[in-house]
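Per-entry structural report
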Amino acid sequence: MQLYNKLSAIERAALIDEAGKDRITISFYQYYKIENPQLFRDKLFLEWNALDVLGRIYVSYEGINAQLSVPSENFYALKDQLDSISFLKDIRLNVAVEHDNKSFLKLKVKVRDKIVADGLNDETFDVTNKGVHLNAKEFNEMLANSNTVCVDMRNHYESEIGHFEGAITPDVDTFRDSLDIIEEDLKDNKEDKNLLMYCTGGIRCEKASAYYKHKGFKNVFQLEGGIIEYTRQVKSEGIENKFIGKNFVFDHRRAEKITDDVVSNCHQCGKACDTHTNCANEACHLLFIQCDECSEKMENTCSTDCQEIIQLSFEEQKELRKGKGNSNKIFKKGRSEVLKFKK
């Protein structure tokens, strides 16, 4: 019984090309008390592997957070499978704005302590006492209210390529970092201002809204379904779009274009650009914004040091990486002294 992915990304990509079938990229989440996350995880892997589902899925005692792709022809079979699970029946599926058959190249279903790394002790507050959910039209109306403070609950590398007009975009590396910063910055307006939040698909706001209500904020609102669902409603219902730029996504696409506006710049030369890349030096792998000209000149690396390293043989590069585990201490997201034009 196969319970784990056995193919490499290269092998999977070749199979996708050979199949020649369109795939749909979707995401969803649900907070729910799961008694046995490992058993649930194994069940999902077996059923989804049979449907040729690929993606990154986190399961914990508090619920599920899923980002995946599925062949278009298997979409309704996946929907039926989800509906057969009581707490996932009729779950909202956030369908990607832009599709890429290779958005995911492996099926990874992992058991985690939490489905979002928020660093919070859920026993200290009522996580079900969430803020008011708003659809796209209601969000726009609240955004236009002069008594509203709109906050982007994503990280700096996400908001720098796209955000809502007039939103506060905290310069943070993690979701957990933003919670205390926002509370401190808005501490004098807990009762008289509308706190309006948004994120990619809604999951971070689910926990943040309950946390801020616990902290004394009286008027807490959140964008239902996040930027992904907002964009769908804007297009299907002809609603005015208040989001500018790209929506960062955590798969091989890296971003979805919402508007043609370019609100960021190449971190190496300063030219208007909103294309993220990872440094080609595997011992660095820095996520940063790089234009086509710099990509060609620097061979997809973030610095001359990294450019020199990638000229070495595979074995020499491997030797240099010894003792440097793949951790967040190495794989920084857009933070480096070599990026001269990082705002």
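Residues numbered from 1 in each chain as written. Predicted model: local features only at pLDDT ≥ 70, side-chain atom pairs only at ≥ 80, totals over all residues. Heavy atoms only, no water.

1. Side note on the pattern of salt bridges
Any two side chains of opposite charge can pair, on the condition that their charged atoms come close. All told, the structure shown has 30 salt bridges when counted by the stated rule. For E224, the salt bridge identified is with R92, shortest N-O distance 2.3 Å. With E224 in the loop between β10 (219-223) and α8 (226-237) and R92 in the loop between α3 (75-83) and β4 (94-95), this residue pair connects regions lying 132 residues apart in the sequence. The exposure class assigned to E224 is partly exposed, which follows from its relative accessible area of 25%. Judged by its relative accessible area of 25%, R92 is partly exposed. A salt bridge links R154 to D152; the nearest nitrogen and oxygen atoms lie 2.8 Å apart. Accessibility classification places R154 together with D152 in one group, the buried group. Salt bridges here are not isolated pairs; linked through shared partners, they connect E62, K114, D118, D122 and K207. (Salt bridge = Lys/Arg side-chain N within 4 Å of Asp/Glu carboxyl O. Helix = DSSP H or I, 4+ residues; strand = E, 2+ residues; numbered from the N terminus. Buried < 20%, exposed > 50% of the residue type's maximum accessible area, 1.4 Å probe, protein only.)

2. Some thoughts on the packing of aromatic side chains
Taken as a whole, this structure holds 15 aromatic pairs when the rule is applied. Consider the rings of F28 and W48, whose centres lie 6.4 Å apart with planes at 85 degrees: the pair is edge-to-face. Of this pair, F28 sits in strand β1 (residues 23-31) while W48 sits in helix α2 (residues 37-50), placing them 20 residues apart in sequence. With centroids separated by 6.3 Å and ring planes inclined at 90 degrees, the aromatic side chains of F139 and Y198 adopt a geometry described as edge-to-face. (Phe/Tyr/Trp six-rings, centres within 6.5 Å; stacked < 30°, edge-to-face > 60°.)

3. Regarding the confidence of the model for the protein chain
Looking at the protein chain, pLDDT values average 93 and 97% of them are 70 or higher. Here residues 327-331 is modelled with pLDDT under 50, and outside its nearest four sequence neighbours on either side it reaches eight contacts, counting other chains as well. (pLDDT = per-residue confidence, 0-100. Contact = heavy atoms within 4.5 Å.)

4. Regarding the nonpolar core
In terms of nonpolar packing, the biggest core is built from 31 residues, with F28, F40, W48, I57, I64, L68 and L78 touching the most fellow members. Contributing elements (two or more residues each) for this core: α1 (9-19), β1, α2, β2 (54-60), β3 (63-71), α3 and β5 (107-111). Setting aside its immediate chain neighbours within four residues, F40 contacts I34, V59, I64, I85, F87 and L88. In this structure, L120, V151, F175 and A208 belong to the second largest nonpolar core, which totals 23 residues. (Core = buried A, V, L, I, M, F, W, Y, C linked by side-chain atoms within 4.5 Å.)

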